[in-house]
Amino acid sequence: MGLSRRVVLVLAAGGALAGCQPLAGAGRGPQGGTTAAAPAAAEPTAAEPASVPSVPPSAPPASVPPAVAEPPAAPEPLPAPAAGRAAVVARYGDAAPGDWGLEVPGVITVLPDGEQATALTFDACGGPGGSGYDADLIDLLRANGVPATLFLNARWIDANPAEFESLAADPLFEIANHGTAHRPLSVAGRSAYGIRGTRDVGEVYDEVAGNAAKLAALLGRPPRFFRSGTAHYDDVATRIVTGLGERVAGFTVNGDGGATLGAAQVRREVAAAPPGAIVIAHMNHPGGGTAPGFAAALPTMLAAGRRFVRLCDALA
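The rules we used
Residues numbered from 1 in each chain as written. Predicted model: local features only at pLDDT ≥ 70, side-chain atom pairs only at ≥ 80, totals over all residues. Heavy atoms only, no water. Buried < 20%, exposed > 50% of the residue type's maximum accessible area, 1.4 Å probe, protein only. Helix = DSSP H or I, 4+ residues; strand = E, 2+ residues; numbered from the N terminus. Arc of directions from axis to C-beta. Contact = heavy atoms within 4.5 Å. Salt bridge = Lys/Arg side-chain N within 4 Å of Asp/Glu carboxyl O. Polar contact = N/O pair within 3.5 Å; in protein donor to acceptor, adjacent residues only side chain to side chain.

Student: Whenever I open this one, helix α8 (residues 263-271) confuses me. Can you help?
Tutor: Note on helix geometry: an α-helix contains 3.6 residues per turn, so any two residues three or four positions apart are oriented the same way. For α8, the complete set of buried residues consists of Val266, Glu269 and Val270. The buried side chains of α8 occupy one side of the element, clustering within an arc of 95° when seen end-on. Where α8 is buried, its residues touch β11 (253-254) and α9 (290-303).

Have a look at this one:
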């Protein structure tokens, strides 16, 4: 399906679908319509390791400690007409990064203090071995009325146009930016899990802005949140993302170990996620442990009164 037809279909469905539409009235499952103003990654291959395997596949994934590094105040958003590649390179080209990893300044790793809901986020990485669609997982969320933020890579969108249209038209889901080529975000070519990062400021811009433009054309407005391939950044790269008008979403709990964990491990990790946590998992590896693990964890959490939210609802 051509891009123009997808744009017409999505805009005809109401436009601005990347925004934070109210969930009231969704009416599906235990949580459907109950979040009042409530907020709301892939098995490794040799060519494309998983998005965020924060621990070796053989070990239980460790949860990131509850801490948040809010975007620094210094890089105010660039005016839209000036936010082109040349302007970003001119502004940040001489900046030297001082930090690198999963938790650097500018990466949000928990919801705001006092938030009792949990944010589920799912990455779709695209590329070789990463363009699948876990229909069982999405059907589970829909059946239970559980909202989520979906980080979609440009390659995954291209490989799954019909699925993208369905997800984008569903107010249960917020669509977010998972990059153009699924690269760690670095101004110096840092790598993570064997995936080479962006090499300079220009490539950082391309990784963020390329998929942001695709999503804006399809959805009628730009995405609000960005997560890089592997969820690794340096602190200059996060400033660039902030300057381009998006917020960098990290995570508190690695729910599926980069889609490498079995169902029992996924259930334990997700069930242990505390209120206020951001959970990362993957929606692009059907047949893995992610969907059955969530299917085992969610009913108990819902029965205990846990609410689930999209990032856009909790992080205004």
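Next comes the rest of the account.
Student: So what exactly am I meant to see when it comes to the pattern of salt bridges here?
Tutor: Pairing between side chains becomes possible if they bear opposite charge and their charged atoms approach one another. The tally for this structure, following the rule as stated, stands at eight salt bridges. The shortest N-O distance in the salt bridge between arginine 85 and aspartate 206 comes to 2.9 Å. One end of the pair, arginine 85, is in helix α2 (residues 85-92); the other, aspartate 206, is in helix α6 (residues 201-219), with 121 residues separating them in the sequence. For aspartate 206, a relative accessible area of 33% translates into the label partly exposed.

Student: Explanation requested: the side chain of serine 186 in the structure shown.
Tutor: Within the element layout of this structure, serine 186 appears in the loop between β5 (173-177) and β6 (191-192). Accessibility expressed as a relative area gives 0% for serine 186, which makes it buried. A distance of 3.4 Å separates a polar atom in the side chain of serine 186 from a polar atom in the side chain of aspartate 234. The contacts of serine 186, once residues within four sequence positions are left out, are Trp100, Thr198, Arg199, Asp200, Val204, Asp234 and Ala237.

Student: Can you walk me through unusual backbone geometry in this structure?
Tutor: With the exception of glycine, the majority of residues adopt a negative phi angle, and the majority of peptide bonds are in the trans configuration. Phi at histidine 182 is positive, roughly 60°, even though this residue is not glycine. Of note, histidine 182 is situated in the loop between β5 and β6. In this structure, alanine 231 is a non-glycine residue whose phi angle is positive, near 60°. Relative to the assigned elements, alanine 231 resides in the loop between β8 (225-226) and β9 (233-234). Judged by its relative accessible area of 2%, alanine 231 falls in the buried class.

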